[in-house]
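A closer look at the structure
Each chain, written out:
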Amino acid sequence: MKASLRSHLTQLEAEAIYIIREVAAQFERPVLLFSGGKDSILLAHLARKAFYPASIPFPLLHVDTGHNFPETITFRDQFVRELEARLIVRYVQDSINQGRVVEETGPYASRNGLQTVTLLDALKEFKFEAALGGARRDEEKARAKERVFSHRDAFGQWDPKNQRPELWNLYNGQKKHNESFRIFPISNWTELDVWMYAQQAEIALPGLYFSHERAVIKRDGVLLAASAIVYPVGTEQIERRSVRFRTIGDMTCTGAVESSAATIQDIIDEVAGARVTERGTRADDKRSEAAMEDRKKQGYF
């Protein structure tokens, strides 16, 4: 790191590292949920820093919908190699083949909601007690309700009305058999904090986050990347625009924003003036007013 972190970033970093170490101390089988997006990259960076010079003492888990951006998968594999971490990948396609979930059909179909079952099956397969995720409270109103140590019942489900208090940074990891936790070390970070930290810590990020020309389709106010699985319907047309992505997920529901931001500083300036949250570009969150909360209650991270 060439420059010292700003004071508030130092505090956020220290808090996140403290939480990650608490997880390693309180649970026998934790796992870090890794998507290849900026928040999970930040989380993996902080985990490496928490235990350096030792390696990260738990594996990374990616639930692959099969509809990820190819650039994300390429970056994921390179990043994990450099991290010298163990990566576990489980596929939504396998859940479909096994009859565990039924794939949506039609031009608006998405696998994003199906990954909950694949995730829960993977956690059960490896008997993971705690899954660290990169969710932040500023992303979406359901995220804002979540505790840092988010208790899940024996079915992996979340009850927002039955959460434990977290006073004085004391985190209660006690649980019954088959219960588990989702842990969110960067809950108190904002999108702007993530980018400022990435700039100062010189964290490499996928090129999808930076401005590039791409074929897109405008659907319900969201710019989706045109592909074999996202194609024009009705009067929709494929256009080429200069865009970037604020979040990276399933191609069927991850929207882009028009942007000329080619550097992290450009993105910082852009985010500082933004009036829409980054998940405002996610088509899956527009399916209902409580779309995210409903998925979380079912076991989504």
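The rules behind the values
- Residues numbered from 1 in each chain as written.
- Predicted model: local features only at pLDDT ≥ 70, side-chain atom pairs only at ≥ 80, totals over all residues.
- Heavy atoms only, no water.
- Helix = DSSP H or I, 4+ residues; strand = E, 2+ residues; numbered from the N terminus.
- Rg over C-alpha atoms; globule rule 2.2 N^0.38 Å.
- Contact = heavy atoms within 4.5 Å.
- Areas by Shrake-Rupley, 256 points an atom, 1.4 Å probe, with all protein chains shown as cover.
- Lys, Arg positive; Asp, Glu negative; His and termini not counted.
- Charge placed at Lys NZ, Arg CZ, Asp CG, Glu CD.
- Phe/Tyr/Trp six-rings, centres within 6.5 Å; stacked < 30°, edge-to-face > 60°.
- Pairing = 2+ DSSP bridges.
- Axes fitted to C-alpha atoms, helices over the stretch in contact; angles between N-to-C directions.
- Salt bridge = Lys/Arg side-chain N within 4 Å of Asp/Glu carboxyl O.
- Buried < 20%, exposed > 50% of the residue type's maximum accessible area, 1.4 Å probe, protein only.
- Core = buried A, V, L, I, M, F, W, Y, C linked by side-chain atoms within 4.5 Å.
- Arc of directions from axis to C-beta.
- Right-handed = clockwise from strand over helix to strand, strands pointing away.

So, on to the overall build of the chain. Broken down by element type, the chain carries nine helices and ten strands. For 301 residues, the compact-globule formula gives about 19 Å, and the C-alpha radius of gyration of the chain, at 19 Å, lands near that figure. Summarising its shape, the C-alpha atoms of the chain cover approximately 55 × 50 × 35 Å along the three principal directions. Intrachain contacts of the chain at a sequence separation of at least 6 include 73% that bridge at least 24 residues. When the accessible surface of the chain is split by element, carbon and sulfur atoms take 50% of a total near 14,200 Å². Here the chain contributes 42 positively and 42 negatively charged side chains, and the mean placements of these two sets differ by 3 Å.

Turning our attention to the packing of aromatic side chains. Applying the stated criterion across every chain, the model contains 13 aromatic pairs. Plain terms: the ring middles of phenylalanine 126 and phenylalanine 128 are 5.4 Å apart, the flat faces sit at 20° to each other, and that makes the pair stacked. Put simply, the rings of Tyr18, Phe27, Phe149, Tyr171 and Phe181 pair up and form one aromatic cluster.

Sheet strands pair via backbone hydrogen bonds, and the direction of the pair is either parallel or antiparallel. The strand order across the open sheet formed by six strands is S3-S2-S1-S4-S6-S5, and the pairing between neighbours is mixed. Across the chains shown, the open sheet's two edge strands, defined by having one partner strand only, are strand S3 (87–91) and strand S5 (149–152). Sheet twist, expressed as the average angle between the axes of neighbouring strands with direction ignored, equals 30°. Contacting strand S2 (60–64) and S3, helix H3 (residues 70–83) runs over the sheet at an angle of about 170° to S2.

Our next topic: the pattern of salt bridges. Applying the stated criterion across every chain yields a total of 18 salt bridges. As a salt-bridge pair, aspartate 77 and arginine 76 come within 2.9 Å of each other at their nearest N and O atoms. Linking arginine 244 and glutamate 270 is a salt bridge whose minimum nitrogen-to-oxygen distance equals 2.8 Å. Here glutamate 270 lies in helix H8 (residues 264–272) and arginine 244 lies in strand S9 (residues 238–245), a separation of 26 residues in the sequence. Overall, arginine 244 belongs to the buried group, its relative accessible area being 1%. Note on glutamate 270: relative accessible area 29%, which makes it partly exposed.

With that settled, consider the nonpolar core. Among the nonpolar cores identified, the biggest contains 59 residues, and Ile20, Leu46, Phe149, Ile183, Trp189 and Trp195 are the most heavily contacted of them. The greatest single-element share of this core, amounting to eight residues, is contributed by helix H2 (residues 38–51). Not counting residues within four places of it along the chain, the set of residues in contact with isoleucine 183 comprises Ile19, Val23, Phe27, Ala130, Ala131, Leu132, Gly133, Val148 and Phe149. With 14 residues, the next largest nonpolar core counts Leu33, Leu61, Val92 and Leu119 among its residues.

With that out of the way, let us pick up unusual backbone geometry. Geometrically, the link from tyrosine 52 to proline 53 is a cis peptide bond, its omega value of 10° lying close to zero. On the secondary structure map, proline 53 appears in the loop between H2 and S2. Positive phi values are uncommon outside glycine, yet glutamate 84 reaches one of about 55°. Take glutamate 84: it is sitting in the loop between H3 and S3. Phi is positive for aspartate 220, close to 55°, though the residue is something other than glycine.

Looking now at the environment of phenylalanine 27. One can find phenylalanine 27 in the loop between helix H1 (7–26) and strand S1 (30–33). The sequence separation of phenylalanine 27 and phenylalanine 181 amounts to 154 residues, and the corresponding C-alpha distance is 9.6 Å. Setting aside chain neighbours within four positions, we find phenylalanine 27 in contact with Glu129, Ala130, Phe149, Gly173, Phe181 and Ile183.

Of the positions making up H8, those classed as buried are Ile264, Ile267, Ile268 and Val271. One side of H8 holds all its buried residues, which, seen down the axis, span an arc of 105°. The secondary structure elements touched by the buried residues of H8 are helix H7 (191–201) and S9.

A few words now on the environment of phenylalanine 34. Within the secondary structure layout, phenylalanine 34 lies in the loop between S1 and H2. In the structure, phenylalanine 34 is positioned 54 residues away from isoleucine 88 in sequence and 9.4 Å away in space, judged by C-alpha atoms.

Quick look at the pairing of S2 now. S2 sits mainly inside the fold: five of its five residues count as buried. Of the two faces of S2, the one holding Leu60, His62 and Asp64 and the one holding Leu61 and Val63 are both buried throughout. With two bridges connecting them, S1 and S2 associate as parallel partners. Bridging from a neighbouring strand, leucine 32 pairs with leucine 60 of S2. With H2 bridging S1 and the parallel S2, this β-α-β connection has right-handed handedness. Of the strand pairs in this sheet, S2 and S3 are connected by five bridges, and their pairing is parallel. Within the sheet, the bridge partner assigned to histidine 62 lies in S3 and is valine 89.

Read these as layout, nothing more, since geometry by itself doesn't imply function.
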